[in-house]
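Working through the structure, step by step
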Amino acid sequence: MRAALQTRRGLLFAVVLASLACPAWSDGPKVTLSPAGVQDNAGSVAFRLRAGPDTVAASSVPNVAPVQSSQNHYVIFVDPALTLDKTNIVLITLYLRSNLTNAGPSYRYIFSEIPSGRFLDCKSGVGLSIEDGTTTETAFVTLPLHTSDATIDFVETDDHAPAVPIDATSATSVDIGITNKLPDMDVLVTNLTAAVDHDEKWRSIALSPPFDPSNPIRIAPNHSQNFKVVVTPSFWKSVTNTVLPTTETQADDTLRLELSYASDNGGILRPFEVKRSLRFVNWPGAVLFGLIGAALGCVVIHFGTKSSGPSLGRILLSRCSSSVILIAIGVFLVANGSKFVLLTLNLDPRQLLAAFLVGGFAGVGLVDLVAFVRGLGKASAQRGS
Amino acid sequence: MKTPARVALLLAVCLLPLLTSSRTTDKEEGAFRPVALSVSKTGNLFILDASGKVLVMAPSDPTGARRVIAQFSTSWQASDLAVGNIDGQDHIFIILTQGNLSQIMQYSLDGKFETSWSQIGPLSGVCTDSRSVYAASWSAGFVYRQPFSTPPKNTPKPFYRFLNMRSIGSLAWDPVGNVLFAADLSTGGVTALDTQSMESRVLVDGLGQITALNYDASSRRLFIVDGAGRTVWSINTAAKNPKPQSAAKSHEFRIPSAVAIAGDGTLWVGDPEAHALFAFSSNAPNGQLLRVIH
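Scope of this entry: the structure provided in the associated data block. (Residues numbered from 1 in each chain as written. Chains lettered and ligands numbered in written order. Predicted model: local features only at pLDDT ≥ 70, side-chain atom pairs only at ≥ 80, totals over all residues. Heavy atoms only, no water.)

**Some details on the overall build of chain A**
How we decide: In DSSP terms, a helix is any run of H or I states spanning at least four residues, a strand is any run of E spanning at least two, and both are numbered starting from the N terminus. Remark: exposure states derive from per-residue accessible area (1.4 Å probe, protein chains only) relative to the maximum for the residue type, with buried under 20%, exposed over 50%, and partly exposed in between. Pairs of residues are marked as contacts when any of their non-hydrogen atoms sit within 4.5 Å. Reported accessibility uses the Shrake-Rupley method at a 1.4 Å probe radius. Residues are deemed covered only where the shown protein chains occlude them.
Scanning chain A from terminus to terminus reveals six helices and 22 strands. Counting across all 385 residues of chain A, residues that qualify as buried make up 42%. Contacts in chain A between residues far apart in sequence, at least 24 positions, make up 73% of those at least 6 positions apart. Here chain A has roughly 20,000 Å² of accessible surface; of this, 59% comes from carbon and sulfur atoms.

**A short note on the pattern of salt bridges**
Our working rule: Put simply, a salt bridge is a Lys or Arg side-chain nitrogen that is within 4 Å of an Asp or Glu carboxyl oxygen.
Across all of its chains, the model carries 10 salt bridges over all chains by this definition. Put simply, Asp80 of chain B and Lys86 of chain A hold a salt bridge, and the shortest N to O gap is 3.8 Å. You can see Asp80 of chain B sitting in strand β5 (residues 77-86) and its partner Lys86 of chain A sitting in the loop between β6 (83-84) and β7 (90-98), one on each of two chains. Neither residue differs from the other here; Asp80 of chain B and Lys86 of chain A are each classed as buried.

**Some thoughts on the layout of surface pockets**
Residue and element names in this part refer to chain B. This is how it is decided: The method works on a 1 Å grid over the protein atoms by themselves. A cavity is a set of points holding a 1.4 Å probe that cannot get out, a pocket is an open set with protein on both sides within 12 Å along at least five of seven lines, and residues with an atom within 4 Å of a point line them. Grid points are joined across faces, edges and corners, and a volume is the space filled by probe spheres set on the points. Under the scheme applied, nonpolar residues are Ala, Val, Leu, Ile, Met, Phe, Trp, Tyr, Cys and Pro; charged residues are Asp, Glu, Lys and Arg; polar residues are all the others, including Gly.
As a volume, the second largest pocket reaches approximately 880 Å³. Residue lining of the second largest pocket: 37 residues in total, with Ser38, Val39, Val83, Asn214 and Tyr215 positioned closest to the centre. Of all the secondary structure elements, the ones that give two or more residues to the lining of the second largest pocket are β1 (34-39), β5, β9 (123-128), β13 (168-174), β17 (210-216) and β21 (258-261). At six residues, β5 tops the list of elements feeding residues into the lining of the second largest pocket. Here the lining of the second largest pocket is built from residues that sort into 21 nonpolar, 10 polar and six charged.

**Here we look at the interface of chain B and chain A**
Quick note on the threshold: Take the accessible area each of two parts loses on contact, using a 1.4 Å probe, and add the two losses: that sum is the buried area. Here a polar contact is recorded for every N or O atom pair within 3.5 Å, except that within protein the pair must consist of a potential hydrogen donor and a potential acceptor, and residues adjacent in sequence are included only if both atoms are side-chain atoms.
Tallying the contact residues gives 36 residues for chain B and 26 residues for chain A. Contact with chain A buries surface across chain B, with Gln77, Trp138 and Gln209 of chain B losing the most and accounting together for 20% of the total. Our enumeration of links across chain B and chain A arrives at one salt bridge. Where chain B touches chain A, the interface holds 12 residue pairs in polar contact (both at pLDDT 80 or more). Among the secondary structure elements, those contributing two or more residues to the side of chain B that touches chain A are β1, β5, β13, β17 and β20 (245-249) of chain B. Looking at the side of chain B that touches chain A element by element, the count peaks at three residues for β5 of chain B.

**Here's the deal with the side chain of Asp85 of chain A**
The cut-off we apply is this: Here the positive residues are Lys and Arg and the negative ones are Asp and Glu; neither His nor the chain ends is included.
Residue position: Asp85 of chain A is located in the loop between β6 and β7. It turns out Asp85 of chain A is buried and unbridged, and the closest side chain with the opposite charge, Arg50 of chain A, is 8.0 Å from it. Here the side chain of Asp85 of chain A touches Thr87 of chain A through a polar contact of 2.7 Å, side chain to side chain. Sequence-distant contacts of Asp85 of chain A, that is, excluding residues within four places in its chain, are made with Gln209, Thr211 and Ile255 of chain B.

**Quick look at the nonpolar core**
All names here are of chain A. Condition: Only buried residues count toward a nonpolar core. Its members are Ala, Val, Leu, Ile, Met, Phe, Trp, Tyr and Cys residues joined through side-chain atoms within 4.5 Å.
With 29 residues, the main nonpolar core has Ile178 and Leu257 as its most contacted residues. Breaking this core down by element, the ones donating at least two residues are β12 (164-167), β13 (172-180), β14 (186-196), β15 (202-207), β17 (224-233), β19 (253-264) and β20 (270-281). Here Leu257 is in contact with Ile176, Leu192, Thr193, Ala194, Leu207, Phe227, Val229, Phe272, Glu273 and Val274, once residues within four sequence places are set aside. Counting residues in hydrophobic clusters, the runner-up holds 26 residues, among them Val45, Val90, Leu94 and Phe119.

**What about helix α5 (residues 352-364) of chain A?**
Put simply, the rule is: The span expected for a helix works out to 1.5 Å for each residue beyond the first.
For α5 of chain A, which comprises 13 residues, the first-to-last C-alpha distance of 18 Å matches the rise-based estimate of 18 Å (1.5 Å per residue) to within 8%. Those residues of α5 of chain A that sit buried are Leu352, Ala354, Ala355, Gly359, Gly360, Ala362, Gly363 and Val364 of chain A.

**Points about the sheet that holds strand β10 (residues 132-137) of chain B**
Residue and element names in this part refer to chain B. The line we're drawing: Strands are treated as partners if at least two bridges between them are detected by DSSP. Between the N-to-C directions of two axes lies an angle of 0 to 180 degrees, each axis being a line fitted to C-alpha atoms and, for a helix, fitted only over the stretch in contact.
The sheet built from four strands is open, its strands ordered β9-β10-β11-β12 with antiparallel pairing. Two strands in the sheet have a free side with no partner beyond their single neighbour: β9 and β12 (157-161). Shown here is a sheet whose adjacent strand axes are inclined to one another by a mean of 30°, direction ignored.

**Brief notes about the sheet that holds β1 of chain B**
Residue and element names in this part refer to chain B. Taking strand neighbours across the sheet as the criterion, the four strands line up as β1-β2-β3-β4 in an open arrangement whose pairing is antiparallel. A strand with exactly one partner marks an edge of an open sheet, and here the two such strands are β1 and β4 (66-71). The mean inter-strand angle of the sheet, taken between neighbouring strand axes irrespective of direction, is 25°.

**A look at helix α4 (residues 312-335) of chain A**
Between its first and last C-alpha atoms α4 of chain A spans 34 Å; for 24 residues at 1.5 Å apiece the expected length is 34 Å, and the two agree. Phi for Gly337 of chain A, located one or two positions after α4 of chain A, is positive at around 105°.

**Observations regarding the environment of Pro147 of chain B**
Residues and elements named next belong to chain B. When you line up the elements, Pro147 lands in strand β11 (residues 142-147). Note: C-alpha distance between Pro147 and Val133 (14 residues apart in sequence) is 6.3 Å. The residues touching Pro147, leaving out its near neighbours within four places in the chain, are Trp117, Arg131 and Ser132.

**Here's the deal with the pairing of strand β3 (residues 53-57) of chain B**
Residues and elements named next belong to chain B. Counting buried residues in β3 gives five out of five residues, a clear majority hidden from the surface. Side chains Lys53, Leu55 and Met57 project from β3 onto one buried face, and the interleaved Val54 and Val56 project onto a second face that is buried too. Relative to β3, strand β2 (residues 45-49) runs antiparallel, the two being bridged by four bridges. Looking at the pairing, Phe46 lines up with Val56 of β3. Connecting β2 to the next strand, β3, in antiparallel fashion are three residues, including Gly52 with a positive phi near 100°.

**Points about the pairing of strand β24 (residues 288-293) of chain B**
Residue and element names in this part refer to chain B. In terms of strand pairing, strand β23 (residues 276-281) meets β24 through five bridges, oriented antiparallel. Residue Phe278 lies in a different strand from β24, and its bridge partner there is Val292. In this antiparallel pair of consecutive strands, β23 and β24, the connection spans six residues, and Asn286 shows a positive phi of 65°.

**Quick word on the packing of α4 of chain A against α5 of chain A**
All names here are of chain A. Put simply, the rule reads: Orientation labels follow simple angle bins: below 35 degrees gives roughly parallel, above 145 gives roughly antiparallel, 65 to 115 gives roughly perpendicular, and whatever is left gives oblique. Here a crossing is called left-handed whenever its near helix is offset anticlockwise from the far helix by less than a right angle, and right-handed whenever the offset is clockwise.
The N-to-C vectors of α4 and α5 enclose an angle of 140°; their axes lie 8 Å apart at closest approach. It follows that α4 is oblique to α5 by the angle criterion. Along this stretch, α4 crosses α5, giving a crossing that reads as right-handed. Contact with α4, carried on its side by Arg319, Ser322, Ser323, Leu326 and Ile327, involves Ala355, Val358, Gly359, Ala362, Gly363 and Val364 of α5 and no other residues of that element.

**Thoughts on unusual backbone geometry**
Of note, the amide linkage connecting Gly52 of chain A to Pro53 of chain A takes the cis form, showing an omega dihedral of 0°. Tracing the sequence through the fold places Pro53 of chain A in strand β3 (residues 43-56). Cis geometry is adopted by the peptide bond preceding Pro209 of chain A, which originates at Ser208 of chain A and carries an omega value of -5°. Summarising the element assignment, Pro209 of chain A is placed in the loop between β15 and β16 (217-219). For Asn178 of chain B, which is not glycine, the phi torsion reads 50° and is therefore positive. The residue Arg220 of chain B is not glycine, and still its phi comes out positive at about 55°. With relative accessibility at 27%, the residue Arg220 of chain B sits in the partly exposed group.

Laid out in structure tokens, this is it:
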């Protein structure tokens, strides 16, 4: 009998000890957050009380605009600094204070977000109920809600941007616009790097201004931010890439802008990569090759037709000038979006062979070409007769 | 050699260790944010910082000086770290996540990269047994297992799916009972999987927001960190009806997120929001705070 009594006492003692050890919440009101549907029910976020109510000093309550409960018995403060823990769970801290007693305690509640579905992070109104044993009150607080789906991109860029012409002889600035798709939350870019597929073709690739990880870049909702990458090609490698015309889809290299970003605040880290095709162009080389083409064409046609017109020097001068003007017009047209596509080859007058052909055409001259062809025709007719 | 030259040489020899130590000690560079802890057999404490640095600290060092042994790009999120033993030698295993891609990285104790395995989908916790590394999937309740000998290109194979769990956080391994512990991020519970019978049971439930687990084989206790409740709980897994007991609590805690138990019984708790490491005596009831390292 005594042994049984002692066992019971031991059990009672253990229960008391266990109850002391288990989480002991203060006698604060019970606060519940209702699940919130977002973006036409593309997803929803439920809330789970993780800690609280814990009695805290009034000085711990953040200095933010309070939200009144339905019968004005309570005021609610939402801590604007959300916490994303290492397991990517967003923790929201709420504070509650009674309006009835001035010196009444403040209570802290920590809720976690439990998201489901695919949606963009956004702010949303969330219903809240407060039960204190005598009354139940409601309130409406605005909370930032976060998706846990890491595959959703919150930013976008122009995926169909044409290949960017890169001057082979100097540094070129490539502008890449990134747009924040979120309706009402900022995006913070926390890491930004630029790289190319073929390093050997480049002397340097640098962000301008350089990215400082301690100063993340903020992009406002529905706004764009322009990122500038200055690329300097390796001279000979890039010049050799400008000799032959290429197909329209073919690029000399690809620039990759890789960024890591998160919605502000509490969003999980997301990667985003922008690819831009780069095509080398060579203005001075194109003019030089145009002049060579014009000179060669001019000499060939002059000696081929044995014409007795103006002197070779004068013809050379006029036709070289014509070729430079033609190349300049071609460059202007291509730079403004025109294309000269011949048998899938994109003839860009800033590339050497195309410029050589244009120069050669100008050097030969249309009238002399016709005369040359007619002369060939006559000669064959005489041979036939 | 003339006297001034000798003095200069002596000074240079004396200053050399100072110069090299200042280069490798990371004490003030940025805020200290420990998100995972693990203790090696040699007694060193390995720390994963949220900035992507892997640091090592000798617990006996009163200054709490830490040395960076590896560093990852900030575009990868460093989630968890565990020190595991392969053929009598300790190695570090780290989980890195970038969007929907994760990697399990293996490093030597002096920070040399050894191998890595990739996995589609976010991974959260990591732990090891004597032959394999285990990684928890943040979604779908999967635990993956990868034997140490697996070549790098192979993705980890699913080992077990906890049907009662939506998101698994931290993992811990009990080498005595061959039990794998997994933290449920949705319910604040811990499920124990007997890897021999492959039967699982809920060990404890409703412990707030579990951010870390660690198992002490010598005392057969599982340490559970409740980040939101700012408490470290311990459970005696050898008991018939294990109940959580408060093992450490401090008013300086913000979101404690890492725990490790040293051979001398010191319980180390890392708090990235408090930018601090806390050392508690795990033998004293309710955990006596021994020191705080910022």
